[in-house]
Amino acid sequence: MQQVEYMISIVVPVYNEKEVLGDFHERITQVLDKLSLDSEIIYVNDGSEDNTLSILTKIREQDARVAIIDLSRNFGKEIAMTAGLHKAEGDAVVVIDADLQDPPELIPRLIDEWQDGYDVIYAKRSRREGESAFKKLTAHLFYRLMGAIGQIKIPEDTGDYRLLSRRAVDALNTLQEQHRFMKGLFTWIGYRQKAILYERDPRHAGESKWNYWHLWNFAIEGITSYSSAPLKLASYLGLLTALGAFSYGIFIVIRTLLYGEPVQGYPSMIVVILFLGGVQLMSIGVLGEYVGRIFTETKRRPLYFINNFSQRRANQTQTRLTQTEAQKDKGGCV
Ligand code: UDP
Ligand code: MG
């Protein structure tokens, strides 16, 4: 029988993770060592301010499968993942958090599903440990809202932990947009997708980089990237207000015709002016959100700049079926 040697890439965005990196690397290598696949681990250092980079460099010295992408500053997790996906050479790519909230032990199950022909296998948490009730509730509401108004159904209780087939990665790599709401993009590309259930552990060490302000912005990002519902909301509100004002106007005219014109009208006038002004301002705000997007998209800036890209040092003599040279340097500026 013909033996086909596949390679799997693990993409790990890291930002100030000095406390967990050692443990993480140990656990992921334990998993990878058991696989009968060639592998590479791409750490994307997202502008860490602690000694994350030097820890990574040490790890790379000891493990030839490790590659490091050192971004020139902190670009945020979404862009860090994108950079990793651009450089990943594997036939399948796993995106995983460094904080051990995504158990690496799940990878063999992800690979099984991939070999059964699925393109995107995402890990869906059946339980959220170590997160406040408020965070759970807001997350739930966000997914419900996205499902209700967005054009795409983003799977609930799913992080970025997932396995992507080569063609899914290629599809993602063709997307050049600046506003990269990855959870949405993963779903948007389509192909055969499947969820597998797991129990999410609390953060191993260090602290979450997300505060509520970030999460709020994240939610706005998700909604405005995938839905024009807020725009419609503005126009409906405008319509409603205009109708209200019109009826009120007729009422005033009729009343004046019937009862004459006392020296009044100041209260109603000021109310109408303020109300209309408020609605107009709000509509302008929503429009501004989209105009801002058009502005950044039309600039077509590269998504990131890489300070330094250290390739993995292991020899690459294995034959790989689907990898194309052309894919290697798509997007991004080096
Ligand atoms: N991360 C990143 N850039 C950032 C923030 C976070 O690369 O600006 C990485 C972080 O190192 C971790 C992953 O993204 O590997 C998830 O971050 P975190 O655990 O803070 O998010 P949470 O699990 O709370 O959603
Ligand atoms: Mg985390």
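The structure this text deals with has already been given above.
(A) Focus on the packing of aromatic side chains. Summed over the entire model, instances satisfying the criterion amount to five aromatic pairs. Ring geometry for phenylalanine 24 against tyrosine 43: centres 6.2 Å apart, planes inclined by 75°, an arrangement best described as edge-to-face. Note that phenylalanine 24 is positioned in helix α1 (residues 21-34) and tyrosine 43 in strand β2 (residues 38-45), a separation of 19 residues in sequence. Classification of phenylalanine 24 as buried rests on a relative accessible area of 0%. The exposure class of tyrosine 43 is buried, given its relative accessible area of 0%. One aromatic cluster is present, formed by Phe142, Tyr143 and Phe181 through successive ring pairs. Sitting over the face of the ring of phenylalanine 309, lysine 87 holds its NZ or CZ atom 4.7 Å from the ring centroid. Sitting over the face of the ring of tyrosine 118, arginine 192 holds its NZ or CZ atom 4.3 Å from the ring centroid.

(B) Summary view of the pattern of salt bridges. On inspection of all chains with the given rule, the structure shows nine salt bridges. The partner of lysine 77 in a salt bridge is aspartate 97, with the nearest N and O atoms 2.8 Å apart. In this pair, lysine 77 is assigned in helix α3 (residues 77-87) and aspartate 97 in the loop between β4 (92-95) and α4 (107-115), connecting sequence segments 20 residues apart. Salt-bridge contacts for aspartate 160 lead to lysine 77; the nearest nitrogen and oxygen are separated by 2.9 Å. Linking aspartate 160 in strand β6 (residues 158-165) with lysine 77 in helix α3, this pair joins segments that are 83 residues apart in sequence. Since its relative accessible area comes to 7%, aspartate 160 is described here as buried. Bridged by salt links that share partners, the residues Asp33, Asp63 and Arg65 form one connected network.

(C) Region of the structure containing helix α2 (residues 52-62). Listed in full, the buried residues belonging to α2 are Thr52, Ile55, Leu56, Ile59 and Arg60. An end-on view of α2 places all buried positions within 140° of arc, on one side of the element. Exposed positions of α2 whose direction lies more than 90 degrees from the buried face are Lys58, Glu61 and Gln62.

How each quantity is defined
Residues numbered from 1 in each chain as written. Chains lettered and ligands numbered in written order. Predicted model: local features only at pLDDT ≥ 70, side-chain atom pairs only at ≥ 80, totals over all residues. Heavy atoms only, no water. Phe/Tyr/Trp six-rings, centres within 6.5 Å; stacked < 30°, edge-to-face > 60°. Helix = DSSP H or I, 4+ residues; strand = E, 2+ residues; numbered from the N terminus. Buried < 20%, exposed > 50% of the residue type's maximum accessible area, 1.4 Å probe, protein only. Lys NZ or Arg CZ within 6 Å of the ring centre and 35° of its normal. Salt bridge = Lys/Arg side-chain N within 4 Å of Asp/Glu carboxyl O. Arc of directions from axis to C-beta.

Read these as geometric descriptors, not functional statements.
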